[in-house]
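The primary structure of each chain is shown beneath.
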Amino acid sequence: MHGGRAHAKLVAHATGFSRRKSFMSRSPREDTRQPAHEDVPAISLALQGGGAHGAFTWGVLDRLLEEVEAGQLRIAALSGTSAGAMNAAVCGYGLRSGPTAARTALGRFWAGMHNKAMRLGNPYLWVPYNAAGKGWNFDDLPLTAALNVAAQFWSPYLSPFYKNPLVEVVNRIIGDFAVLNDPGDDLPPVYVAATNIGKGSRKVFGPGELRTEVLLASACLPQSAQAVEIDGTYYWDGGFTANPALEPLVAHADDMVIVQLNPCDRDGEPPKSPGDIADRVPPASSIFISSRTRLSWPISALPRSTI
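Asks: Any chance you could explain the overall build of the chain here in plain terms?
Replies: When its secondary structure is counted, the chain shows 10 helices and nine strands. Looking at the 307 residues of the chain, the share that counts as buried comes to 46%. Pairs at least 24 residues apart make up 75% of the contacts formed inside the chain by residues separated by at least 6 positions. For the chain, the accessible surface area stands at approximately 15400 Å², while carbon and sulfur atoms represent 55% of it.

See below:
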């Protein structure tokens, strides 16, 4: 490591679904393992949570995996929260057969999420582009206002038929968690953050602890999903306390790439409309403060560059 410290590279925005057209048709037989450790630069990846915006992180991973395919890069470790945890686990699992398989697995995961949303009847899927005059931003639609009001009277514990919709998608893509729990020297270890409800503290799961319930816990928004029980402890979304966890990555590579979905700094005037205020409140409180105070300790001491 350079001077004993990792370099933190902040990816402020995730752009492009690079060459997405063939992700479903790639064959694992074409895969090759990651380049040998001594041959190419290694990076650790920290993947932030952000709901459906995690699909943008898929685009970033797809581009980075192209570099791995070309023998120009090696992924040394992954840490993720919520949607970032899904991306990290699927990517790490796919790398068992090489970078091409990892790209395919990520494509299948997000296609599965889209199909699940279609089957559950997501009302926004039928709203035309620019319906509210803000492109794909539907915050000012009457539909959004109605759903926000309904959310005040809804709890995921009210339905006797509740089933976490992520279970089916996760289990279809990650067929054997033993791959993630015993990565050996050839695969990057995966770390997943969740929030211990009883203590209000974070829990970072790593190799030897990963299973379906861990990913569900990391992505458990309490307004829409029931708390996830793991060994007698209940967990909510990891974004409340670790978005994402950085400490586990420091020892694995000289360079750390943080794929951000929520900006750390916002210029200009404060939000004024009800929708804008509600959108700003979560990162300004628990998620944002926890990310800066609990997790940025390595960044404050590390050389920092922006991609």
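After that view, the rundown keeps rolling.
Asks: What exactly am I supposed to notice about the packing of aromatic side chains here?
Replies: The way to describe two aromatic rings as a pair is by their centre distance and the angle between their planes. Considering all chains together, one arrives at three aromatic pairs under this definition. Residues W236 and F240 carry aromatic rings whose centres are separated by 6.5 Å and whose planes lie at 55 degrees to one another, so their mutual orientation is tilted. Since its relative accessible area comes to 30%, W236 is described here as partly exposed. By relative accessible area, F240 is classed as partly exposed at 23%. Geometry around Y93 places R96 over its ring, the cationic atom sitting 4.0 Å from the centre. Seen from the ring of F205, K203 lies directly overhead, with NZ or CZ sitting 5.2 Å from the centre.

Asks: Hey, could you run me through the pattern of salt bridges in this one?
Replies: It is possible for side chains bearing opposite charge to pair when their charged atoms get close. The full count for this structure, using the stated rule, is 11 salt bridges. The shortest N-O distance in the salt bridge between R63 and E66 comes to 3.3 Å. Residue R63 and its partner E66 are located together in helix α1 (residues 54-69), separated by three residues, close to a single helical turn. Look at E66 and you get buried, because its relative accessible area is 12%. Each of D62, R63, E66, E67, E69 and R103 takes part in a single network of salt bridges with overlapping partners.

Asks: For this particular structure, what's the right way to read the side chain of S79?
Replies: Mapped onto the fold, S79 is located in strand β3 (residues 74-81). Its relative accessible area of 1% is what places S79 among the buried residues. Discounting residues that sit within four places of it in the chain, S79 has contacts with L45, A46, L47, A88, Y191, P244, A245 and L249.

Asks: So what exactly am I meant to see when it comes to helix α5 (residues 166-173) here?
Replies: Turn by turn, an α-helix covers 3.6 residues, leaving residues three or four places apart pointing in a common direction. When α5 is considered as a whole, its buried residues turn out to be L166, V169, V170 and I173. Buried residues along α5 cover an arc of 95 degrees about the axis, so they all sit on one side. Of the surrounding secondary structure, the elements contacted by the buried residues of α5 are α2 (83-94), α3 (99-120) and α7 (212-218).

Asks: When you look at the confidence of the model for the chain in this model, what are you seeing that I'm missing?
Replies: Low pLDDT marks regions whose predicted coordinates should not be analysed in detail. Of all residues in the chain, 79% attain a pLDDT of 70 or more, and the chain-wide mean is 81. Contacts from residues 1-30, a stretch scored under 50 in pLDDT, to residues over four places away or in other chains number 79 contacts. Segment residues 283-298: pLDDT under 50, and 36 contacts once partners within four positions in sequence are set aside and those in other chains are kept.

Asks: Whenever I open this one, the packing of α1 against α3 confuses me. Can you help?
Replies: Helix-helix packing: each pair is described by the crossing angle between the helix axes and the interaxial distance. At a minimum axis separation of 9 Å, α1 and α3 run at an interaxial angle of 165 degrees. Here α3 runs roughly antiparallel to α1, going by the angle between their axes. In this structure, the crossing between α1 and α3 has a hand that is left-handed. Across the interface between the two elements, G54, A55, W58, L61, D62, L65, E66, V68 and E69 from α1 touch P99, T100, A102, R103, L106, G107 and W110 from α3. In the contact of α1 with α3, the residues fall into nine nonpolar, three polar and four charged.

Asks: Could you clarify how one ought to interpret α2 in this entry?
Replies: For α2, spanning 12 residues, the distance from its first C-alpha to its last is 16 Å, which sits close to the expected 16 Å at 1.5 Å a residue. Counting buried residues in α2 gives 12 out of 12 residues, a clear majority hidden from the surface. Taken together, the buried positions of α2 are occupied by A83, G84, A85, M86, N87, A88, A89, V90, C91, G92, Y93 and G94.

Asks: Any chance you could explain the nonpolar core here in plain terms?
Replies: Nonpolar side chains in soluble globular proteins tend to be buried together. Residues L45 and L215 are the most contacted members of the largest nonpolar core, which totals 52 residues. Judged by nonpolar contacts, the second largest core, of eight residues, contains A46, A77, Y191 and V250.

Asks: What is the right way to read the pairing of strand β7 (residues 233-237) from this model?
Replies: Regular strands show a simple pattern: their side chains alternate between the two faces of the sheet. Where strand β4 (residues 190-196) meets β7, three bridges bridge the pair, whose relative direction is antiparallel. When the sheet's bridge partners are listed, T195 is paired in β7 with W236. Both strand β6 (residues 228-230) and β7 contribute to a ladder of three bridges, which runs antiparallel. Its bridge partner lying in β7, E229 is registered against Y234.

Criteria and cut-off values
Residues numbered from 1 in each chain as written. Predicted model: local features only at pLDDT ≥ 70, side-chain atom pairs only at ≥ 80, totals over all residues. Heavy atoms only, no water. Helix = DSSP H or I, 4+ residues; strand = E, 2+ residues; numbered from the N terminus. Buried < 20%, exposed > 50% of the residue type's maximum accessible area, 1.4 Å probe, protein only. Contact = heavy atoms within 4.5 Å. Areas by Shrake-Rupley, 256 points an atom, 1.4 Å probe, with all protein chains shown as cover. Phe/Tyr/Trp six-rings, centres within 6.5 Å; stacked < 30°, edge-to-face > 60°. Lys NZ or Arg CZ within 6 Å of the ring centre and 35° of its normal. Salt bridge = Lys/Arg side-chain N within 4 Å of Asp/Glu carboxyl O. Arc of directions from axis to C-beta. pLDDT = per-residue confidence, 0-100. Axes fitted to C-alpha atoms, helices over the stretch in contact; angles between N-to-C directions. Parallel < 35°, antiparallel > 145°, perpendicular 65-115°, else oblique. Left-handed = near helix turned anticlockwise from the far one by under 90°. Nonpolar A, V, L, I, M, F, W, Y, C, P; charged D, E, K, R; others polar. Expected span 1.5 Å × (residues − 1). Core = buried A, V, L, I, M, F, W, Y, C linked by side-chain atoms within 4.5 Å. Pairing = 2+ DSSP bridges.

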